[in-house]
Amino acid sequence: MKKLQKTAALFLAACLLITGCGSDSSANRSNTTSASATVDEVVSAQIANEDAEASADASSDSSNEDTAATTATSDTKVTGDVDYDLTEMSSDMVYAIVYQMVYNPDDYIGKTFRMSGTYYASYYEATDQYYYYCLISDATACCAQGLEFVWGDGSHSYPDEYPADNTEILVQGTFETYVDTDGYTYCHLANAAMEAV
């Protein structure tokens, strides 16, 4: 029973946050508050720190360059270079970036992301479709952000080829927005590679 309540709470949190990409949220995107400015500053500072660390690591060990240059060759293995590797960031930074992706999606369109989190599938009756999410918790695990993804070209069979709900996954794909059949704008990682970890 406790597990069911936890799953329902995560799903509700994810649904509420994912709809931030909806067309009705345009006021949220245009009204920048001091809180979101602070998140932007923290995200920028963390990315600058990680870039500096990456440069230092690259200069101390040039043999890693050949390994880092590999590219994704299938839709099931998560490999290659990305614009944002959230697996290398603290859980608070990951939560902050996913928050920004959901509430300011135009800033991230076309960027590639790698992230880890908990897999969850949800059926939406209005569109008669299943949607697949990577749920990411903050450091205290009290809040969760969810990001939809499309595995490969979308031809994978659900539930046969997908992991069980609550499986820890690694996802990598290109951030896009789309208008669904219900007329709302949503965001997701398109053409994503996904693997259970």
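Residues numbered from 1 in each chain as written. Predicted model: local features only at pLDDT ≥ 70, side-chain atom pairs only at ≥ 80, totals over all residues. Heavy atoms only, no water.

## Looking at the packing of aromatic side chains
Defined as follows: Only Phe, Tyr and Trp rings are paired, with Trp represented by its six-membered ring, and only when their centres lie within 6.5 Å; those with planes under 30 degrees apart are stacked, over 60 edge-to-face, the remainder tilted. Only DSSP runs of H or I covering at least 4 residues are called helices, and only runs of E covering at least 2 are called strands; the numbering of each starts at the N terminus. Note on classification: 1.4 Å probe, protein chains only; a residue is buried when its accessible area is under 20% of the maximum for its type, exposed when over 50%, partly exposed between these limits.
Across all of its chains, the model carries 16 aromatic pairs by this definition. Between F113 and F175, the ring centres sit 6.2 Å apart and the planes meet at 65 degrees, which makes this aromatic pair edge-to-face. With F113 in strand β2 (residues 112-124) and F175 in strand β5 (residues 168-179), the pair connects residues that are 62 residues apart, well separated along the chain. Residue classification places F113 among the buried positions, given a relative accessible area of 0%. Where W151 meets Y162, the ring centres are 5.0 Å apart and the plane angle is 75 degrees; that geometry is what we call edge-to-face. You can see W151 sitting in strand β4 (residues 144-151) and its partner Y162 sitting in the loop between β4 and β5, a full 11 residues away along the chain. One aromatic cluster in this structure is built from Y119, Y123, Y130, Y132, F149, W151, Y158 and Y162.

## What to know about unusual backbone geometry
In this structure, P159 follows Y158 across a cis peptide bond, with omega equal to 5 degrees. Counting through the fold element by element, P159 comes out in the loop between β4 and β5. Non-glycine residue D128 carries a positive phi angle of around 55 degrees. Mapped onto the elements of the fold, D128 is located in the loop between β2 and β3 (129-137). Residue class for D128 comes out exposed when judged on its relative accessible area of 56%.

## Thoughts on the nonpolar core
Worth spelling out the cut-off: To define a nonpolar core, start from buried Ala, Val, Leu, Ile, Met, Phe, Trp, Tyr and Cys residues and group those joined through side-chain atoms within 4.5 Å. Every residue pair with non-hydrogen atoms within 4.5 Å of one another is taken to be in contact.
L86, M101, F113, M115, F149 and V171 are the most contacted members of the largest nonpolar core, which totals 29 residues. Mapped onto this core, the elements with two or more residues apiece are α5 (91-103), β2, β3, β4, β5 and β6 (185-196). Per-element accounting of this core gives the leading share, seven residues, to α5. If sequence neighbours within four positions are ignored, M115 has contacts with L86, T87, V98, M101, C134, I136, L147, I169, L170, V171 and L189. Among the nonpolar cores identified, the runner-up in size contains six residues, and Y120, Y133, L135 and Y178 belong to it.

## Quick notes on the pattern of salt bridges
Using the following cut-off: Think of a salt bridge as a Lys or Arg side-chain nitrogen and an Asp or Glu carboxyl oxygen that are within 4 Å of each other.
The full count for this structure, using the stated rule, is one salt bridge. A salt bridge links D85 to R114, with the nearest nitrogen and oxygen atoms 2.8 Å apart. You can see D85 sitting in strand β1 (residues 84-85) and its partner R114 sitting in strand β2, a full 29 residues away along the chain.

## Here we look at α5
Each turn of an α-helix holds 3.6 residues, which means side chains three or four residues apart point in the same direction. To keep it simple, the criterion reads: An expected span of 1.5 Å times one less than the residue number is assigned to each helix.
An ideal rise of 1.5 Å per residue puts 18 Å on 13 residues; α5 measures up with 18 Å between its terminal C-alpha atoms. Along α5, 10 of the 13 residues are buried, which leaves the element largely enclosed by surrounding structure. Residues of α5 that are buried include every one of M93, V94, Y95, A96, I97, V98, Q100, M101, V102 and Y103, and no others.

## With respect to the confidence of the model for the protein
This is how the line gets drawn: Along the chain, pLDDT gives the predictor's confidence residue by residue, from 0 to 100.
Chain-level pLDDT for the protein is 74 on average; 61% of the residues reach the 70-or-more range. Confidence, read as mean pLDDT per element, is least for helix α2 (residues 26-30) in the protein (31) and greatest for β5 (96). Here residues 1-37 is a poorly scored stretch, pLDDT under 50, and it has 43 contacts once near neighbours within four places are set aside; other chains count. In the model, residues 60-74 has pLDDT below 50 throughout and makes 12 contacts with residues more than four positions away in sequence or in other chains.

## Some words on the pairing of β5
Cut-off, in case you're wondering: Two strands pair under a simple rule: DSSP has to find at least two bridges between them.
In the sheet, β2 pairs with β5 via seven bridges, with the strands oriented antiparallel. Residue pairing in the sheet places T112 in a bridge with T174 of β5. Judged from the 10 bridges that link them, β5 and β6 form a sheet pairing that is antiparallel. Paired with T177 across the two strands is C187, which belongs to β6. Counting the residues that bridge the hairpin from β5 to β6 gives five residues, and of these G183 lies at a positive phi of roughly 90 degrees.

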